[in-house]
Amino acid sequence: MRRAGAQADDAQPESGLLTRMGRWQVVTTVGLALVALSLLALAVSHNHLHGPRVRDSIEATRVVRTTHEAMLDQQGGLRAYALTGDERFLQAYQDARRVMERMDEVPLSAGDDGDRLHLELRLSKAAWTNAWVPDALAVGEAGGSNRVISEALVFEGKQLFDAYRADYQELIAALQAERTDALDRQTAAVTRTAALAVSIALVTVAFSLVQGRRLRNAVKGALDSVQLRLDRVAAGDLTPGPPPMGPAELAGIQRGIDDTAAELASARAVVDAQGDQLRTQNSQLGQVLRFAREVAGSLNLRYVIRGLCAATTSITGSDRVVVWLRSTDEQTLGAIADSSGPALEPIGLDPVPVGEGPVGRAARFGRIEGTPRGSIARSLEGHSEEGGAVAVPMVVGAEVIGVIEVAFPPDAEEPDSTMRVLEALATQAATAVGAARVHEHTATMAMTDALTQLPNRRRMEIDLDREVGASHRYGRPLGFAMIDVDRFKDYNDTLGHQAADVALQTIARILAASVRGSDTVYRYGGEEIAVVMRETDLESACLLGERLREAVEHHFAAPGEPRPVTVSVGVASMPVHATSLPSLVGAADQALYEAKRSGRNRTVVAGPEETGAS
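**Q** Give a description of a nonpolar patch on the surface that names residues and reports values.
**A** A cluster of nonpolar side chains, contributed by Val 26, Val 30, Leu 34, Leu 37, Leu 40 and Val 44, occupies part of the molecular surface with about 510 Å² of accessible area. Mapped onto the fold, Val 44 is located in helix H2 (residues 17–84). By relative accessible area, which is 40% here, Val 44 ends up partly exposed.

**Q** A description of the packing of helix H12 (residues 457–474) against helix H16 (residues 581–597) should follow, citing residues and the corresponding values.
**A** Closest axis-to-axis distance for the H12/H16 pair is 10 Å, and the angle between their directions is 110 degrees. Comparing their axes, H16 and H12 come out roughly perpendicular. As for how H12 packs across H16, the hand of that crossing is right-handed. Across from Glu 461, Leu 464, Asp 465 and Val 468 in H12, the residues of H16 making contact are Leu 581, Leu 584 and Val 585.

**Q** Lay out the confidence of the model for the protein with the relevant residues and their values.
**A** Interpretation of this model should avoid reading the predicted coordinates in detail wherever pLDDT is low. Mean pLDDT over the protein: 79, with 87% of residues reaching 70 or higher. Residue range residues 1–12 is modelled with pLDDT below 50. Its contacts to residues more than four positions away, or to other chains, number 15 contacts. Note that pLDDT drops below 50 for residues 372–385; the model gives that stretch 35 contacts with residues more than four away or on any other chain.

**Q** Account for helix H5 (residues 133–141), with residues named and values stated.
**A** When we look at burial in H5, the residues that qualify are Val 133, Ala 136, Val 139 and Gly 140. Buried residues along H5 cover an arc of 125 degrees about the axis, so they all sit on one side.

**Q** I'd like a rundown of helix H3 (residues 87–105), residues and numbers included.
**A** Here H3 contains 19 residues, and its C-alpha end-to-end distance of 28 Å stays within 8% of the 27 Å for a straight helix at 1.5 Å per residue. Those residues of H3 lying buried are Leu 90, Tyr 93, Ala 96, Met 100 and Met 103. Seen from one end, H3 has its buried residues packed into an arc of 135 degrees, which puts them on one side. Pointing more than 90 degrees away from the buried face of H3 are the exposed residues Glu 87, Arg 88 and Glu 105.

Conventions we followed
- Starting from 1, residues in each chain are numbered consecutively following that chain's sequence as written.
- Thresholds applied to this predicted model are a pLDDT of at least 70 for local features of residues and 80 or more for the giving and counting of side-chain atom pairs; totals over whole chains, interfaces and linings are not thresholded and use all residues.
- Only hydrogens and water are set aside; all other atoms, that is, all heavy atoms of the structure, feed into the side-chain values.
- The patches reported here contain residues having more than 30% relative accessible area and no salt bridge. Joining distances are 9 Å for like charges and 5 Å for nonpolar side chains (Val, Leu, Ile, Met, Phe, Trp, Tyr).
- For the accessible areas, the method is Shrake-Rupley and the probe is 1.4 Å, while residue cover comes only from the protein chains on display.
- Definition used for salt bridges: Asp or Glu carboxyl oxygen within 4 Å of a side-chain nitrogen of Lys or Arg.
- To qualify as a helix, a DSSP run of H or I must reach at least 4 residues; to qualify as a strand, a run of E must reach at least 2; elements of each kind are numbered from the N terminus.
- The rule is simple: take the accessible area with a 1.4 Å probe, protein chains only, and divide by the maximum for that residue type; under 20% is buried, over 50% is exposed, in between is partly exposed.
- Helix axes are fitted to C-alpha atoms over the stretch in contact, other axes to C-alpha atoms as well, and angles between N-to-C directions run from 0 to 180 degrees.
- Each angle receives one of four descriptions, namely roughly parallel if under 35 degrees, roughly antiparallel if over 145, roughly perpendicular if within 65 to 115, and oblique otherwise.
- With the far helix as reference, a near helix turned anticlockwise by less than a right angle produces a left-handed crossing, and one turned clockwise produces a right-handed crossing.
- What makes two residues a contact is simply this: any of their non-hydrogen atoms within 4.5 Å.
- Per-residue confidence from the predictor is reported as pLDDT, which spans 0 to 100.
- Directions drawn from the helix axis to the C-beta atoms are what define this arc.
- To estimate the expected span of a helix, subtract one from its residue number and multiply by 1.5 Å.

Laid out in structure tokens, this is it:
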């Protein structure tokens, strides 16, 4: 989003739309105002400069012409009156005189030259009126009898009137020239003002058209860019667009769209991350479900533990998972599986006391414990000291039966959702492990003698059947010995059942401690004990049987024992004496019977040969 903002700053968008519209409005307003001023100047010029002059010249012309017409009427009436004496002609004179008197009362403005000519005209008129009119009236009153006088008077009047007419013609010409000049000036003023107004209007219109076109292009380009950005956002493209252009307001909208797109991209990244987290969590929960289904019908502890390690590794991606189970004394936890070990064998992991370290605290408090250096990192040779680990308790009811310890790389950050999934897995695992342990314990108890804690006869038959099959399949020798405590009934009758049980337990411990790791000691029944010697030929089996007999004899011969105790041993071997389980047990039992019959406290090999000691 910052990058988009920087690009927008570098783009230098055009001035604001409102600024440009404001300039447009100002120029248009000024143009219209100038046009209005031009028209106002035209009106002022017409009304106060050229218009009055034109009107005055027209009015003066009218008055002069009307006066002239009245003069003509007076002249005609007086001349007729003077020649004829007929008073009817006098009426025309009188009417014209009244008209002329009215016209004389009208003020005239004809300019300096016109006023001078008008004054001369008035003087000519006055001369005609004062010099000729009285005489013409007098002659007319006399009835016009003196024709010579009348003609002389008419001639005199004509001369005076011609002088008046000449002044009239000159004044009329001057008035027409004045009117023509005023009209020309008025026309020129109107033309100039109109041309100025039209020019201003054309400039204003041209500016408006150019500015409008530019503004339209700028707005169109910016709106197209806005629409393009909106279309890209609608299509899901939230990458920053090109630098905003056009008016500042629309550029601001484009930046706003880019900012919104950047926020949407950020939100989409968060949603995608949440979606990835949900898909991961769903996959993790699927692992938990598959684990629960796989172990639901299994009571095999190793199978359950193996599935638990695989599910934990798949959920967390950890390179190491250790499963700890609480011991029977509930004071320590022992490692039962290590995902990094061969066949999940926990090599080199010592028991952890409850309450110590992350594993011990998880077992004590029943909650997830973690540390930058878990017990795995502290206890496993070669494990990175920089790694971390979490310990997740396996709880059944209110009891913690074990702990899942998960190691992580140094830079790993497991989300809380993974921890919750681990808790769910631990809950499922706790139930499965608890059931498997109960089953294992029950199976162990069913296959174990309660008094001596040795595997019982049923266990021996199962193991021996498997070893007989292996002996046949791979051609391996198999040794078998039957051991019976000599005169055990007398020991029991003399010292009591409790002492006899202790003696039998002691014999069991001696025999179990004296055999090899590959051999197994069983309580066959009563005071009889059996030994299975894997991959042991007849000679080695005979030597081991003798060693066992001697170990029992030496122990009970020591000071402090209530009385000596000895055993008789019968030894048989495959394939020397038998090829099946019944025949092998029968051969060893027959050899034991022979040892008893031969005097007890000896080792006898099945068949005609025997080896013993008194």
